[in-house]
Amino acid sequence: MPELHEPEDLRQRQLQVLTDCDLLEGGGDAELAAAARVAAAVTGYQLAVVNVLLPDQQCSLALVGGALPPVSREDSLCHRATLVGGPVVSGDCATDPRFADLPWVDGRLGRVRRYAMAPLQVDGITVGTLCALDEQAGPALEGDPLERLVDLADMTSSLLERRRQGRLAHEAAEELARARAFDRALLEALPLGVVAADADRRVTVFNTTSRRWHGLDADAAVEPEQLSQAYSLFELDGTTPLAPHRVPLLRAFTEDEVVGAEFVIRPAGALPRTISASARQVRDAGGRLLGAVAAMADVTAQRALEAQLRTAATHDVLTGLPNRALLVEHLTVALSEAHDDAGHVPWRVAVLYCDLDGFKAVNDLHGHAAGDAVLLEVARRLSAAVRPQDVVARLGGDEFVLVCPGVADAAQAEALARRIAAVVAEPVVVDGVEHRVGVSVGTELSRPGEGSEGAERLLSAADAAMFARKRARRDRRAAGLPDPAPVPSAVAVPAPR
C-alpha cells in the first residue's frame, strides 16, 4: 500500500463540523436516504451509503441495498479513500494496492470488489463520503455515471452545509437572545437612567429608572423638538425648558460624545431631580449611525450637599448670615464698584461694626438656648432694617457687621447706626421671658476713590470705632451719666446704581 498522509488535526476538525451539522444524534434522515438511493441507481452497484468519519469509527447515516456493521475508522474503505483524495474508483479492490489489505476487501468483514466514492465536504473539510460498493469485480465507474455521483455528492455536501449554517445561526440566535436577556436585566437593574434614540433621533428605550423619573415610558412618536416638553426637561433653575440643542441625548448626534451635562427633570406633581448625563453616538462596524444612548445619574442629593457645604463655608451656622470671608468678598465688590451716577465723585461705602451690649447676661442667666434665640432675632431685625443691596454678616459671638454702599457722608452713616440701635433695643421675648440687649455701633466710611484694597482697613477702623463707642458708654455709666437714648430714624439711603 502506498504511504498516505493524514493531517494532524483532521479528526477533531471533522468532529466539530459534524457536530455543527447536527449529524451525531442518530435516527433516519429522508434527504440523505434519498441521496443513497440515487447513488445506487446512478452506479448500478449493490450498495450505496452516506458515510461520515468520526475520530475512531465510520458511521453510516443512510444506506441502500443491504446492511453494514459498525467498523473502525482504520478498517474502513472510506477513510482510506479520503486519504487518497476523491473521487476514487476501483474495479477490483482485491487487486488494488490502495485497498487490498482492508478487512472489507480480504474477507474478514466482506469481499468488496467494485468501489466508487465522491467526498462530502463541509466548510472546506472532507467529513465523509457518498459511496457505492459491489461484491462483483468489473470495470471501474467512469464517464457520465461517475460525474453524476460527484454531482450528487456535491448536492449532499450543500445540504449538510445548509444544516450546519442553520444550526450555527440557531445557536447564534439563542446566544444573542441570552445576551439580550442579560443586557435587558442589567439595563433594568441599573440605578442609572438609560435612554436611547434611533437614527431619526426618536426616543426608543427607557429603562426602569428612567421610567420612574419621568413617570412614563419611551415614545418614538415624540418629535425630537418636543422632548423637553414631553419628558419635563428643564435648565438647572428648574423653570426654563431645556432647548432641544441642550438635551444631552440629542447633543450626541452633533457632538459625538457628551460628558457631565446637567439639567433638571421635573414631572408634574413630582419633586425635581438634578441629573448629570453622558451620551454618545452608536454606530455599527461599518460606521453607519444607528442612534445614540445616554446614561443619567441622579445628583440631586449630591448637589444639595455641595450647596450646604458651600453655604457652611461662607455663612454663619446659627443665623445663616454671611461669615467674615463672604463679608470681605461683598465689601471688596462694593468698593470696586463705588461711583456716582455721572461717574465723577465716588459715592462711599459705610461699614457698621455692631457689638451687642448685655448679651453675656442673657447667656449666663438663661442659658445658651435663650442666647441663640436672641442672636437669631437680632439677625432678623438687622436684615429687615437695611436695603436689599446691603449686607448683614455675623463674625461670631455677638458681633455683626453691615456693609452699606451708596452712603453720602458720616451723618448718614450715623443715622443708620441710630436706627440699628433702636431696632436692637426693642425687647426680645423667649419662652415668655423678656430680654433686653443694646448695641454699640462703630461706623467707618470709605475714602473717596478707595478701591477694593481698602476692605480690611474699613473693617479694622469700624471695629476700633465700635470699641471706642463702647468704652465711652462705660465711662458715662461710671460717671453716673445715662446712655443717650437711641433715636429711631427713617434714614433714606439712595440705592447705588
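Thresholds, definitions, all that
Residues numbered from 1 in each chain as written. Predicted model: local features only at pLDDT ≥ 70, side-chain atom pairs only at ≥ 80, totals over all residues. Heavy atoms only, no water. Pairing = 2+ DSSP bridges. Helix = DSSP H or I, 4+ residues; strand = E, 2+ residues; numbered from the N terminus. Buried < 20%, exposed > 50% of the residue type's maximum accessible area, 1.4 Å probe, protein only. Polar contact = N/O pair within 3.5 Å; in protein donor to acceptor, adjacent residues only side chain to side chain. Contact = heavy atoms within 4.5 Å. Arc of directions from axis to C-beta. Axes fitted to C-alpha atoms, helices over the stretch in contact; angles between N-to-C directions. Nonpolar A, V, L, I, M, F, W, Y, C, P; charged D, E, K, R; others polar. Parallel < 35°, antiparallel > 145°, perpendicular 65-115°, else oblique. Salt bridge = Lys/Arg side-chain N within 4 Å of Asp/Glu carboxyl O.

A. Inspection of the sheet that holds strand 10 (residues 257–265) at higher detail. Spatial strand order, 8-7-12-11-10-9: six strands in an open sheet with antiparallel pairing. Looking at the sheet topology across the chains shown, the edges are occupied by strand 8 (203–206) and strand 9 (233–234). By the bridge criterion, seven bridges tie strand 10 to strand 11 (residues 273–283) in an arrangement that is antiparallel. If you follow Glu262 over to strand 11, its bridge partner there is Ser276.

B. Region of the structure containing the side chain of Thr156. One can find Thr156 in helix 5 (residues 143–189). Look at Thr156 and you get buried, because its relative accessible area is 4%. For Thr156, the side chain forms a polar contact with the main-chain oxygen of Leu152, separated by 2.9 Å. Beyond its immediate stretch of four places on either side in the chain, Thr156 contacts Leu32, Ala35, Leu120 and Leu130.

C. Quick peek at helix 11 (residues 359–366). Along helix 11, the residues that are buried comprise Phe359, Val362 and Asn363. All buried residues of helix 11 fall inside an arc of 95° around its axis, so they share one side. In helix 11, the exposed residues that point more than 90 degrees away from the buried face are Lys360, Asp364 and Leu365. Packing partners of the buried residues in helix 11 comprise strand 13 (348–357), helix 12 (368–385) and strand 17 (433–435). Two residues or fewer past helix 11, Gly367 is found with a positive phi of approximately 95°.

D. Just the packing of helix 11 against helix 12, in detail. Their axes nearest at 7 Å, the elements helix 11 and helix 12 cross at an angle of 145°. Side by side, helix 11 and helix 12 meet where Phe359, Val362, Asn363 and His366 of the first sit next to His368, Ala370, Gly371, Val374 and Leu375 of the second. Classifying every residue of the contact of helix 11 with helix 12 by side-chain character gives five nonpolar, four polar and no charged.

E. Layout of the pairing of strand 8. Where strand 7 (residues 193–198) meets strand 8, three bridges bridge the pair, whose relative direction is antiparallel. Counted as the bridge partner of Ala197 is Val203 from strand 8. Connecting strand 7 to the next strand, strand 8, in antiparallel fashion are four residues, including Arg201 with a positive phi near 70°.

F. Spatial organisation of the sheet that holds strand 3 (residues 71–72). Taken in spatial order, the six strands of this open sheet run 3-2-1-6-5-4, and their pairing is antiparallel. Sheet topology places strand 3 and strand 4 (88–90) at the edges, where each strand pairs with a single neighbour. Relative to strand 3, strand 2 (residues 57–64) is paired through two bridges, and the arrangement is antiparallel. For Gln58, the partnering residue across the bridge sits in strand 3 and is Val71. Where helix 2 (residues 30–43) meets the sheet, its contacts fall on strand 1 (47–53), strand 2 and strand 6 (125–134), and the angle it forms with strand 2 comes to roughly 75°. Helix-sheet contacts for helix 5 involve strand 4, strand 5 (114–122) and strand 6, and the interaxial angle to strand 5 is about 30°.

G. Geometry of the packing of helix 1 (residues 10–20) against helix 5. Here helix 1 crosses helix 5 at 75°, and the two axes come no closer than 8 Å. In terms of their interaxial angle, helix 1 and helix 5 are classed as roughly perpendicular. Here helix 1 contributes Val17, Thr19 and Asp20 to the contact with helix 5, which in turn contributes Arg163, Arg164, Arg167 and Leu168. Classifying every residue of the contact of helix 1 with helix 5 by side-chain character gives two nonpolar, one polar and four charged.

H. Looking closely at the pattern of salt bridges. Summed over the entire model, instances satisfying the criterion amount to 36 salt bridges. Three or more residues joined by partner-sharing salt bridges are found here, namely Asp20, Asp123, Glu161 and Arg164.

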